[in-house]
Amino acid sequence: MTDAAHLQALAIEIAREAGELARVRRTEGVAIAATKSHIADIVTEADREVEELIRRRLKEARPDDGFLGEESGAERGTSDITWVVDPIDGTVNYAYGIPSYAVSIAAVAGEPVPEEWDAVAGVVFNPASGELFHAAAGSGAWLHDERLAVNDQPMPAGALLATGFGYDPSTHAGDLARVARVMPLARDLRRIGAASLDLAFVASGRLDGYFERGLHPWDHAAGALLVIEAGGRVGGAGDADVPSRTMTIASGAAIYDALRAAALG
Ligand code: LIP
């Protein structure tokens, strides 16, 4: 088994265990543990408990690897691999009981920053739907055992796009202005509330494209690999054209340049 395949298999195993914990905690009732960047930016007790489980299982399996998690921060490893983890992406959906949230686990090689890393394996698991999206670099993107491909067909009615809005209300005017710039490309817009699922849906052809400002590395690390392995493009702003806090863009090649130009304004 290649390193990428091995890392993918480990991520799948851990994501399933972590996702089941998140699902059970949801049935027991969700407690808000704290707020972070803004009063709307919540973290639940389950977020913290699920990330602790993921971090513990990864340390048991691969003690020399690094870790970058939404809730417990960063730890440099001595191997070339860093695990980039969002324990419950779509936290507000999770807190409200909307069944669109996911455990997102990615293994990256190199410097643990999006501009530098090479994604090696990624898993996005929605415990509410049971859907597990996964990819290993060079081996395609999959939903269980179904091979995925982005939509690159002509879109005479326009593209089905998704986006998201930040927790800070002061960013909403800019986000809505961006939507206004992008809408001429769109047949309709979806707001799913979990970046990892938005990206998984682009990879699976359920969306034609996705754009969002303000994402963290753990929001897009696994989902971006899914899109690339499904034949799509992922990028952002600036010359490096990689996902960043400034912008994340994902689609098939047919609409990528137009979507990026409209989203960046
Ligand atoms: C969320 C993203 C979503 C975005 C939210 C939030 P979280 O991540 O997945 O796309 O619109 O503002 O950033 O906070 O649920 O891990």
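Residues numbered from 1 in each chain as written. Predicted model: local features only at pLDDT ≥ 70, side-chain atom pairs only at ≥ 80, totals over all residues. Heavy atoms only, no water.

A. Broad picture of helix H1 (residues 3-28). Given a rise of 1.5 Å per residue, 26 residues ought to cover 38 Å, and the 38 Å separating the end C-alpha atoms of H1 matches this to within 8%. Three or more residues of H1 are buried, namely Ala4, Leu7, Gln8, Leu10, Ala11, Ile14, Ala15, Ala18, Gly19, Leu21 and Ala22. In this structure, the buried side of H1 is in contact with helix H2 (45-61), strand E5 (81-89), helix H3 (91-96), strand E6 (102-109), strand E7 (118-126) and strand E8 (131-136). Immediately beyond the C-terminal end of H1, within one or two residues, lies Gly29, with a positive phi of roughly 105°. (Helix = DSSP H or I, 4+ residues; strand = E, 2+ residues; numbered from the N terminus. Expected span 1.5 Å × (residues − 1). Buried < 20%, exposed > 50% of the residue type's maximum accessible area, 1.4 Å probe, protein only. Contact = heavy atoms within 4.5 Å.)

B. Molecular detail of the pattern of salt bridges. Following the criterion strictly, the structure yields 18 salt bridges and no others. Between Glu28 and Arg25 there is a salt bridge, and its shortest N-O distance comes to 3.0 Å. Placement of both Glu28 and Arg25 in helix H1 is noted, with a separation of three residues, approximately one turn of the helix. Glu28 gets classed as exposed once you look at its relative accessible area, which sits at 52%. Its relative accessible area of 25% is what places Arg25 among the partly exposed residues. When the shortest N-O distance is used, the salt bridge between Glu71 and Lys36 registers 3.2 Å. Of this pair, Glu71 sits in the loop between strand E3 (66-69) and strand E4 (73-75) while Lys36 sits in the loop between strand E1 (32-35) and strand E2 (42-44), and the two are 35 residues apart along the sequence. The structure contains a network of salt bridges with shared partners spanning Arg233, Asp241, Asp257 and Arg260. (Salt bridge = Lys/Arg side-chain N within 4 Å of Asp/Glu carboxyl O.)

C. Molecular detail of the side chain of Thr163. Topologically, Thr163 is positioned in strand E11 (residues 159-163). Classification of Thr163 as buried rests on a relative accessible area of 3%. Engagement of the side chain of Thr163 in a polar contact is seen with the backbone oxygen of Phe211, the distance being 2.6 Å. Sequence-distant contacts of Thr163, that is, excluding residues within four places in its chain, are made with Val179, Leu189, Arg190, Arg191, Ile192, Tyr210, Phe211 and Glu212. (Polar contact = N/O pair within 3.5 Å; in protein donor to acceptor, adjacent residues only side chain to side chain.)

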